[in-house]
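Residue-level structure breakdown
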Amino acid sequence: MSIRPATAADAPLLRAITRAAYAHWVPVIGARPAPMDEDHAAQCAAGEAWFHGQDAAIVLRDEAPGLLLDNVAVRPEARGQGLGRALIAFAEAEARRRGHPVLWLYTNERMAANIALYARLGFRETHRAGEPPMRRVFMEKTP
């Protein structure tokens with residue numbers, strides 16, 4: 001299975017994957033995570049989204065200080081198959097291809113499992129900002 005760029009027609013698929021992937025975080029953080037309510041059509045149309053089959057997606061944006069890993073989402077039934085890791089490896093390669101000095105992201109500080117995963121993948125925390133329930137942990141790595 002390969003990673004492919006989204007087309008404008010893929011917005012419903014991006015929305016479905018993202019909402020399924022993030023739904024379990026709603027009771028943890030007490031609010032809907034931001035990726036659930038993004039303008040998925042605009043992300044697809046802008047060439048910011050890619051898919052790994054029908055079960056995983058990533059959204060990347062050129063945004064200082066490098067390439068922003070805006071969203072990585074895997075449907076619950078597809079977790080544990082390496083799809084998310086493959087998408088993050090794709091993001092690292094894309095950051096290098098685009099000449100960015102860093103690949104960066106932010107996540108809700110209550111998403112401890114995500115923070116731990118990113119740390120295992122070589123991201124380091126740079127700072128925290130915001131107010132609960134949307135306090136964010138910012139992380140980056142050299143691609």
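A brief report on the enclosed structure follows. Because the structure is a prediction, the values reported are computed rather than measured.

Rules and cut-offs
- Residues numbered from 1 in each chain as written.
- Predicted model: local features only at pLDDT ≥ 70, side-chain atom pairs only at ≥ 80, totals over all residues.
- Heavy atoms only, no water.
- Buried < 20%, exposed > 50% of the residue type's maximum accessible area, 1.4 Å probe, protein only.
- Helix = DSSP H or I, 4+ residues; strand = E, 2+ residues; numbered from the N terminus.
- Pairing = 2+ DSSP bridges.
- Arc of directions from axis to C-beta.
- Contact = heavy atoms within 4.5 Å.
- Core = buried A, V, L, I, M, F, W, Y, C linked by side-chain atoms within 4.5 Å.

When you tally the buried positions in strand β7 (residues 136-141), you get five out of six residues, the bulk of the element. Taken together, the six bridges between strand β5 (residues 103-108) and β7 define a ladder with antiparallel strand orientation. Looking across to β7, one finds that L103 is bridged to K141. Looking at chain direction, strand β6 (residues 124-129) and β7 are connected through five bridges and run antiparallel.

For helix α5 (residues 112-120), every residue scored as buried is listed here: N114, I115 and Y118. Buried positions in α5, seen along its axis, are confined to an arc of 100° and lie on one side of it. Turned more than 90 degrees off the buried face of α5, the exposed positions are A112, A113 and R120. Next to the buried residues of α5 lie β4 (66-74), α4 (83-98), β5 and β7. At the exit of α5 stands G122, carrying a positive phi of roughly 100°.

Position of V137 relative to the elements: it lies in strand β7. Residues V137 and T107 lie 30 residues apart in sequence; the distance between their C-alpha atoms is 5.4 Å. In this structure, V137 is in contact with L105, Y106, T107, E109, I115, E125, H127 and R128, ignoring residues within four places of it in sequence.

For the bond running from A64 to P65, omega is 15°, close enough to zero to count as cis. Relative to the elements of secondary structure, P65 occurs in the loop between β3 (56-63) and β4.

It is worth spelling out the nonpolar core at this point. Core analysis: the biggest nonpolar cluster contains 23 residues, and I58, L60, L69, L103, Y118, F123 and M139 have the highest contact counts within it. Within the residue set of this core, elements represented by two or more residues are β3, β4, α4, β5, α5 and β7. The dominant element in this core, judged by the number of residues it contributes, is α4, at six residues. Ignoring any residue separated from it by four or fewer positions in sequence, one finds L103 in contact with L67, L69, I88, A91, E92, A95, F123, M139, E140, K141 and P143.

What follows covers the pairing of strand β2 (residues 49-52). Consecutive side chains along a regular strand alternate between the two faces of the sheet. The two faces of β2 match: A49 and F51 on one face and W50 and H52 on the other face are all buried. As paired elements, β2 and β3 share four bridges and run antiparallel to each other. Paired with H52 across the two strands is A56, which belongs to β3. Following β2, the chain reverses through three residues before pairing antiparallel with β3; G53 in that reversal takes a positive phi of roughly 65°.

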